[in-house]
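As a plain string of letters, each chain reads:
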Amino acid sequence: MSSSESPAEPAGGLPAVAPQLRSLRRRAGLTLEAAARAAGLSPAHLSRLETGQRQPSLPMLLALARIYGTTVSELLGESVAERDAVVRGSDMEPTAAGGWTYRQAGAPGRGMQALRVQVPYGAQGDIVRVHPGEEWLYVLTGRLRLRLGDTTHRLGPGDSAHFDSMTPHRIAADDPAGLELLFVHTLLQSPTATLCLGPAHPGEAR
């Protein structure tokens, strides 16, 4: 048994997901063996998850959701209201967090989150972010200082970056006028696992 198989939630720790695990794997067109291999599990272990003999841990749910091209919410069988494909600019209500201002540019509950973000000079520039998924950003106005691992990049309007979010990264405005970005990143959402772009309170980092 691999190390990724060892932590399992006790019965009742998460909603029953067995029916969803099997149906979503089949919807993705994956055999039991192929899905197990991609998730770092044995076929026997994944079979026990699909038959309800074992409850998956949260890391397992995150891995399986990515492999099946869905969200943790759907794996948990949570119903999601119908979402409009179009988001109007007038509906993009601003939300402030950690000095940044966020506007949703996509529908909630998707496997990706799209945001329009205003980054003032000096806000959150010392926060190192590391989280699962991928991130794409596009500079609309201003200049961005982006640190990926040990390398610092400076981007201007029209420049973009696409990187693995497990790479430690810092995002900051590079001049006093601040900057505005478009962000798209993978975000597996559920009440048990919420990932966010910035801290909701001072000192709280993603």
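Residues numbered from 1 in each chain as written. Predicted model: local features only at pLDDT ≥ 70, side-chain atom pairs only at ≥ 80, totals over all residues. Heavy atoms only, no water.

1. As for the pattern of salt bridges
And then number 1: Scanning all chains against the criterion turns up five salt bridges.
And then number 2: Between Glu180 and Arg116 there is a salt bridge, with its nearest N and O atoms 2.7 Å apart. With Glu180 in strand S9 (residues 179-186) and Arg116 in strand S3 (residues 112-119), the pair connects residues that are 64 residues apart, well separated along the chain.
And then number 3: Linking Arg154 and Asp174 is a salt bridge whose minimum nitrogen-to-oxygen distance equals 3.0 Å. Here Arg154, found in strand S6 (residues 151-155), pairs with Asp174, found in the loop between strand S8 (169-173) and S9; they are 20 residues apart in sequence, far enough to count as distant.
And then number 4: Judged by its relative accessible area of 23%, Asp174 falls in the partly exposed class.
And then number 5: In this structure, a network of salt bridges that share partners links the residues Arg22, Arg25 and Glu50. (Salt bridge = Lys/Arg side-chain N within 4 Å of Asp/Glu carboxyl O. Helix = DSSP H or I, 4+ residues; strand = E, 2+ residues; numbered from the N terminus. Buried < 20%, exposed > 50% of the residue type's maximum accessible area, 1.4 Å probe, protein only.)

2. Some remarks on the sheet that holds S6
Hydrogen bonding along the main chain pairs the strands of a sheet, whether they run parallel or antiparallel.
And then number 1: Pairing is antiparallel across the open sheet formed by three strands, whose spatial order is S6-S5-S8. Where the open sheet ends on each side, the last strands, each with one partner, are S6 and S8. Along the sheet, successive strands turn relative to each other by an average axial angle of 15°, direction set aside.
And then number 2: Sheet analysis places strand S5 (residues 144-148) next to S6, joined by five bridges and oriented antiparallel. The partner of Arg147 across the bridge, within S6, is Thr152. (Pairing = 2+ DSSP bridges. Axes fitted to C-alpha atoms, helices over the stretch in contact; angles between N-to-C directions.)

3. Focus on the environment of Leu179
And then number 1: You can see Leu179 is positioned in strand S9.
And then number 2: Placed 22 residues apart in sequence, Leu179 and Pro157 show a C-alpha to C-alpha distance of 9.1 Å.

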